[in-house]
Amino acid sequence: MVQAGVGVDMLEIARMERVMRRRPNFLKRVFTDEERAYCDGSARPADNYAARFAAREAVLKALGSGFADGVGLKDVSVGRADNGRPICILTGRAAQIAQEQGVVEVALSLSTTHSDAVATAVTMTDETRPKSDKEDDPARKMQASFKEARTIIDELERLTDGIRDTLEEAPASADADLGLSSDTTDTTSADPAQ
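Residues numbered from 1 in each chain as written. Predicted model: local features only at pLDDT ≥ 70, side-chain atom pairs only at ≥ 80, totals over all residues. Heavy atoms only, no water.

Q: Please provide a residue-by-residue account of helix α4 (residues 45–63), values included.
A: An α-helical segment advances 3.6 residues per turn. Residues three or four places apart therefore align on the same side. With 19 residues, α4 extends 27 Å between its outermost C-alpha atoms, agreeing within 8% with the 27 Å of an ideal straight helix rising 1.5 Å per residue. Looking at the residues trailing α4, positive phi occurs at Gly64, about 80°. (Helix = DSSP H or I, 4+ residues; strand = E, 2+ residues; numbered from the N terminus. Expected span 1.5 Å × (residues − 1).)

Listed below in structure tokens is the structure:
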């Protein structure tokens, strides 16, 4: 049976602040250049560093490995998607472990309070990944085709009504354009002598 892995980790922000003061090399040793640039550019760097460290722990818990089995400190990092959402980046041994387990995605959520950073990670395989609404569903496709057909029929009826209205008005306006009146009678005779 294929299961999704779940990991959660919490870290006190004050603890991260203490480590940052006491061990200046810690940040360079643990975090990627991209992570450091993001955290250092924020209003509360310690909050962001704490959240990213918690994310490493949460991801490794979801993978079931921890920092054992050859996993390095930078094998799990946090990037940002175009919309700003945090994304998990796996490299080295962490990426190998994920591949061995068939993990195709790691969903990641980061939160902070005034005192704590919390991270939640869910590893997903193709079998456990939620299915998109966009995937082929015969009933949904049929319903969509009926809606599309109804829209086309409604548009055709609207156009037909418009054409009918135009045609009903056209003879009178065409006669007027030609200088004819609608009450003119045919005064021609079949007898050429008249």
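Q: So what's going on with the pattern of salt bridges? Which residues, and what values?
A: Taken as a whole and judged by the stated rule, the model has 5 salt bridges. A salt bridge links Arg44 to Asp47; the shortest N-O distance between them is 2.7 Å. Overall, Arg44 belongs to the partly exposed group, its relative accessible area being 46%. (Salt bridge = Lys/Arg side-chain N within 4 Å of Asp/Glu carboxyl O. Buried < 20%, exposed > 50% of the residue type's maximum accessible area, 1.4 Å probe, protein only.)

Q: Residues and numbers for the environment of Val78, please.
A: Note that Val78 resides in strand β2 (residues 76–80). Residue class for Val78 comes out buried when judged on its relative accessible area of 4%. When residues no more than four places from it in sequence are discounted, the contact partners of Val78 are Glu35, Arg52, Ala55, Pro86, Ile87, Ile89, Leu108 and Leu110. (Contact = heavy atoms within 4.5 Å.)

Q: Lay out the nonpolar core in plain terms, naming residues and giving numbers.
A: If you look at the biggest cluster of nonpolar residues, it comprises 19 residues, and the most contacted ones within it are Val59, Leu63, Leu108 and Ala121. Broken down by element, the residue count for this core peaks at 7 residues, all from α4. Not counting residues up to four positions away in its chain, the partners in contact with Val59 are Val76, Cys88, Leu90, Val106, Leu108 and Ala121. Ranked by size, the runner-up nonpolar core spans 14 residues in total, among them Cys39, Tyr49, Ala51 and Phe53. (Core = buried A, V, L, I, M, F, W, Y, C linked by side-chain atoms within 4.5 Å.)

Interpretation in functional terms is not warranted from these geometric data alone.
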